[in-house]
Amino acid sequence: MPYLLTVIKMAIIIAILSLLSIFGANWLVEHSAKDKLYNASNEIPHNKVGLLLGTGKVLSNGHTNLYYTYRIEAAVRLYKAQKVDYILVSGDNSRSTYDEPTTIKNDLITKGIPADKIILDYAGFRTLDSVVRCKEIFGQTSITVISQQFHNERAIYLAKHNGITAVGYNAKDVSRRYGFKTKLRERLARVKLLLDLAFGKKPKFLGEPIEIK
């Protein structure tokens, strides 16, 4: 019985610490992005580069990913409002059959964005990679991040800790039901973000600098 009580107490302590970590990480990330998020293109300051964070266009069930659709729409609005001069599309191209950046580029061109104003980063495997590479590879220290608000908050926190001044332009969010699993994963991603920063996590790939003229 004493052993069982000890196990129960340890389980309770671990559960409490886990909850504190989740809520603490969430507060830090939200607080860091305070006053740096914009919903209206006419209010956001101008930056040379808008960092469009990639995601898959099609879900595993064959339906179109609304996160993708709304990010494309947001990037187009921002460019046409002349609030960014270039769109840096950062996404996953880890397999020959999966190419987020090129898919996004083609859809941006269809929406009227000139091809020469779109730059592709094929090694944006994670948000950390996308943000750090934006500075280390593409030379940008002041950027506008384009994604849903929860994603922008995390990217802004990463940017701040990597010497980048960032604001976020919020793409339309999805319904609570549609995005329930994503929002749960986001809570854990924020804890992992703090661990990555604490242990000096680096992007999977860097490489030669690419100048954005």
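Residues numbered from 1 in each chain as written. Predicted model: local features only at pLDDT ≥ 70, side-chain atom pairs only at ≥ 80, totals over all residues. Heavy atoms only, no water.

## Describing the overall build of the protein chain
Link 1 in the chain: A tally of helices and strands in the protein chain yields six helices and six strands.
Link 2 in the chain: Mapped in sequence order, the helices and strands of the protein chain form the string α-β-β-α-β-α-β-α-β-α-β-α.
Link 3 in the chain: Across the protein chain, contacts joining residues at least 24 apart in sequence account for 76% of those joining residues at least 6 apart.
Link 4 in the chain: Of the roughly 12000 Å² that the protein chain leaves accessible, carbon and sulfur atoms contribute 58%. (Helix = DSSP H or I, 4+ residues; strand = E, 2+ residues; numbered from the N terminus. Contact = heavy atoms within 4.5 Å. Areas by Shrake-Rupley, 256 points an atom, 1.4 Å probe, with all protein chains shown as cover.)

## Side note on the sheet that holds strand 3 (residues 84-90)
Note on sheets: strands pair through backbone hydrogen bonds, and any given pair is parallel or antiparallel.
Link 1 in the chain: Across the sheet, which stays open at both edges, the six strands sit in the order 1-6-5-2-3-4 with parallel pairing between neighbours. Among the strands making up the open sheet, the edge pair consists of strand 1 (37-38) and strand 4 (118-121).
Link 2 in the chain: Taken together, the two bridges between strand 1 and strand 6 (residues 165-170) define a ladder with parallel strand orientation. Bridge pairing in strand 6 links Tyr-38 to Tyr-169.
Link 3 in the chain: Sheet strands touched by helix 4 (residues 127-136): strand 2 (47-53), strand 3, strand 4 and strand 5 (142-147). Its angle to strand 2, the strand with the most contacts, is close to 160°. (Pairing = 2+ DSSP bridges. Axes fitted to C-alpha atoms, helices over the stretch in contact; angles between N-to-C directions.)

## Observations concerning the nonpolar core
Link 1 in the chain: Counting residues in each nonpolar core, the largest one holds 26 residues, and the members touching the most others are Leu-52, Ile-87, Val-89, Ile-104, Leu-108 and Ile-113.
Link 2 in the chain: Looking at this core, the elements that each hand over two or more residues are helix 2 (66-80), strand 3, helix 3 (100-110), strand 4 and strand 6.
Link 3 in the chain: Considering every element that reaches this core, the biggest residue donor is helix 2, with nine residues.
Link 4 in the chain: The contacts of Val-89, once residues within four sequence positions are left out, are Leu-52, Pro-101, Ile-104, Leu-108, Ile-118, Ile-119, Leu-120 and Asp-121.
Link 5 in the chain: Within the second largest apolar cluster, 25 residues are counted, among which are Ala-33, Tyr-86, Ile-119 and Val-132. (Core = buried A, V, L, I, M, F, W, Y, C linked by side-chain atoms within 4.5 Å. Buried < 20%, exposed > 50% of the residue type's maximum accessible area, 1.4 Å probe, protein only.)

## Remarks on the environment of Ile-72
Link 1 in the chain: Locating Ile-72 in the fold gives a position in helix 2.
Link 2 in the chain: Along the backbone, Ile-72 and Ala-171 are 99 residues apart, and their C-alpha atoms lie at a distance of 8.4 Å.

## A closer look at the pairing of strand 3
Link 1 in the chain: Counting buried residues in strand 3 gives six out of seven residues, a clear majority hidden from the surface.
Link 2 in the chain: As paired strands, strand 2 and strand 3 are joined by six bridges and run parallel to one another. Residue pairing for strand 3: Val-49 is matched across the bridge by Tyr-86.
Link 3 in the chain: Between strand 2 and its parallel partner strand 3, the chain crosses via helix 2, and the hand of that crossover is right-handed.
Link 4 in the chain: One ladder, built from four bridges, connects strand 3 with strand 4; its direction is parallel. Bridging from a neighbouring strand, Leu-88 pairs with Ile-119 of strand 4.
Link 5 in the chain: Between strand 3 and its parallel partner strand 4, the chain crosses via helix 3, and the hand of that crossover is right-handed. (Right-handed = clockwise from strand over helix to strand, strands pointing away.)

## Points about helix 4
Link 1 in the chain: Where burial is concerned, most of helix 4 is hidden: eight out of the ten residues are buried.
Link 2 in the chain: When helix 4 is considered as a whole, its buried residues turn out to be Thr-127, Leu-128, Asp-129, Ser-130, Val-131, Val-132, Arg-133 and Cys-134.
Link 3 in the chain: Where helix 4 is buried, its residues meet strand 2, strand 3, strand 4, strand 5, helix 5 (149-160) and helix 6 (180-198).

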